[in-house]
Structures are given as C-alpha cells and as structure tokens.
Amino acid sequence: MKRNRRQSAIINNFFTLASIIMITITLVVYMKYIHVEKPDPDSKAVYMKKEKVTPLECEENSTSKLFNQKLLNKSLEALKKGYYKLDGGHIKAINSKSIIEDFISILETDKYFMKAINVPFKKDIQKFLTINYEIIENDKDKKIDLKKQNKFKSGTIRTSFRANSIEIFTFSKDFKFYDKDEIQSIIDCTIKVYKNHAKKY
C-alpha cells in the first residue's frame, strides 16, 4: 500500500516538474522570438506624452501658472471662434497719487487684447472664456521691507483665463514705465504665452 502511494507521489511530482519546465520554455520562446508590433508614431490612436512647453522670449521676468491642461486646450478652441469676454479693471495706488486711470482706460486696454487675439468676440453667447485682467498701479509711497524690495516698476498687468469661474491659467508681468507701447507688448505676450501652453497629449 505504501509502495503504491510512493509511486503515485513520484508520478505527481514528475508531472508537476514537467509542467513547470514546459511553461518556462513557452515563456522564454515567446519573449525571445515572438515579435510584438510597435504602434505607428503617426497613428492617432497612440497616447503621446505631454509636450514640454518651451518658454517664449517675452516671458522673461514674468510669472505664469497652469491649473488645468484639458480646460486650457478647450478654451483655446473657444477663443479661436470668438467665444470670449474681456473683464478688466484698475487697482489704484492708495498711499501715493494715482494716475493709472488717466494713463490708460479699460476700453483702450480691451482693444489691445482684441488686437492680440485677432478674433472679434461674439455677442449674446452663454458659454465663453472669460479673460479677467487687472492693471495694478505700483504704490510708490507704500512702506516696504527693503530686504524684499522689488525692482523698479510702475505697475503690473495680471491676467486670469477662466471657464465657468474655474481658473485655467494666469500670467503676470510688470511694466517699468507709463508707456502704452510697453502695455500693448505685455498684452500681446500674455496671449502668446497662453496659446503656447495649449499642448496636445
């Protein structure tokens, strides 16, 4: 009886070992000799890694922040179709005499944005990209910590791109002088940087 059990155990062990060897051989042959076709890089079905954004020359001494890549891509399509609204304002100096409103109006600044976008905005639309911007006047007489003193500037233009009140992208850059050409250049840079961050996957 014991002998039969031993023979049965030996047979079972033999088949187990044979199965392991066969599986191992199959895996080695599959990995070594079976060619797995790589996807075509030009195919639309390929999932591509996010492209690295190369900073533009005009971005020097500026700050920007991307909050939602997917919404940014969609918002750019809306911008190209004219589905956008401009919402601008001044933030005046408090501790020194303010001249920002006399220097440049919101209407004039809107025109700079529309020129940079190069697409007129559509009227009576319910869904749109909001371009919220602030012309912030530097408060020259404000008491500041000299250790943290910023470089000379007259003010800052801060722009926020939003979809349904969700902030997508922000861009800020200082202007050194009360110069409308400089203001226009910063606005043009703002739109270019926003577009430059709209990358495909």
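For the structure, check the block above.
As for the layout of surface pockets
- As a volume, the second largest pocket reaches approximately 240 Å³.
- If you go around the second largest pocket, the residues you meet are Leu71, Lys74, Ser75, Ala78, Tyr83, Lys127, Phe128, Leu129, Ala163 and Asn164.
- Ranked by residue count, the leading element in the lining of the second largest pocket is helix H2 (residues 69–80), at four residues.
- In terms of residue class, the lining of the second largest pocket is made up of six nonpolar, two polar and two charged.

A look at the sheet that holds strand E3 (residues 129–137)
- Pairing in this open sheet of five strands is mixed, and the strands run E1-E5-E4-E3-E2 from one edge to the other. Strands with a single pairing partner mark the edges of an open sheet, and in this sheet they are strand E1 (62–66) and strand E2 (84–91). Here the average twist between neighbouring strands, direction ignored, is 10 degrees.
- The pairing of E2 with E3 spans eight bridges and is parallel.

Some points on helix H5 (residues 180–196)
- Its 17 residues place the ends of H5 24 Å apart at the C-alpha level, agreeing with the 24 Å of an ideal helix rising 1.5 Å per residue.
- All buried positions along H5 are accounted for by Glu182, Ile183, Ile186, Ile187, Cys189, Thr190, Ile191, Val193, Tyr194 and Asn196.
- Buried-residue contacts for H5 involve H2, helix H3 (100–103), helix H4 (106–117), E3, strand E4 (155–163) and strand E5 (166–175).
- Capping the start of H5 is the job of one residue whose side-chain oxygen sits 3.0 Å from the backbone nitrogen of Asp181: Asp179.

Re H2
- The first and last C-alpha atoms of H2 sit 17 Å apart over 12 residues, in line with the 16 Å expected at 1.5 Å per residue.
- Among the residues of H2, those classed as buried are Gln69, Leu72, Asn73, Ser75, Leu76, Ala78 and Leu79.
- Looking at the buried residues of H2, the elements they touch are E1, E2, H4, E3, E5 and H5.
- The N-cap of H2, judged by a side-chain oxygen 3.2 Å from the amide nitrogen of Lys70 a few residues on, is Asn68.
- Phi for Gly82, located one or two positions after H2, is positive at around 90 degrees.

Scoring rules and cut-offs
Chains are numbered independently. Their residues run from 1 in the order of the written sequence. Per-residue local features of the predicted model are confined to residues with pLDDT of at least 70, and side-chain atom pairs are confined, for both listing and counting, to 80 or more; whole-chain, interface and lining totals are unaffected and use all residues. Calculated side-chain values reflect all of the structure's heavy atoms, with hydrogen atoms and water omitted. Both cavities and pockets are sets of points on a 1 Å grid over the protein atoms alone; in a cavity a 1.4 Å probe fits but cannot get out, in a pocket the set is open with protein on both sides within 12 Å along at least five of seven lines, and lining residues sit with an atom within 4 Å of a point. Grid points are joined across faces, edges and corners, and a volume is the space filled by probe spheres set on the points. Segments assigned H or I by DSSP are reported as helices when at least four residues long, segments assigned E as strands when at least two residues long, and all are numbered from the N terminus. Classification used: nonpolar for Ala, Val, Leu, Ile, Met, Phe, Trp, Tyr, Cys and Pro, charged for Asp, Glu, Lys and Arg, polar for all others including Gly. In this description, strands pair whenever DSSP reports at least two bridges between them. Lines fitted to the C-alpha atoms define the axes, with helices restricted to the stretch that makes contact. Angles between their N-to-C directions range from 0 to 180 degrees. In this scheme, a helix's expected span is set at 1.5 Å multiplied by one less than its residue total. Burial here depends on accessible area, computed with a 1.4 Å probe over protein chains only, as a share of the maximum for the residue type. Under 20% is buried, over 50% is exposed, and the range in between is partly exposed. Two residues qualify as a contact provided that any one of their heavy atoms is within 4.5 Å of a heavy atom in the partner residue. In protein, a polar contact means a hydrogen-donor-capable atom and an acceptor-capable atom, both N or O and within 3.5 Å, with residues adjacent in sequence counting only if both atoms are side-chain atoms; elsewhere, any N or O pair within 3.5 Å suffices.

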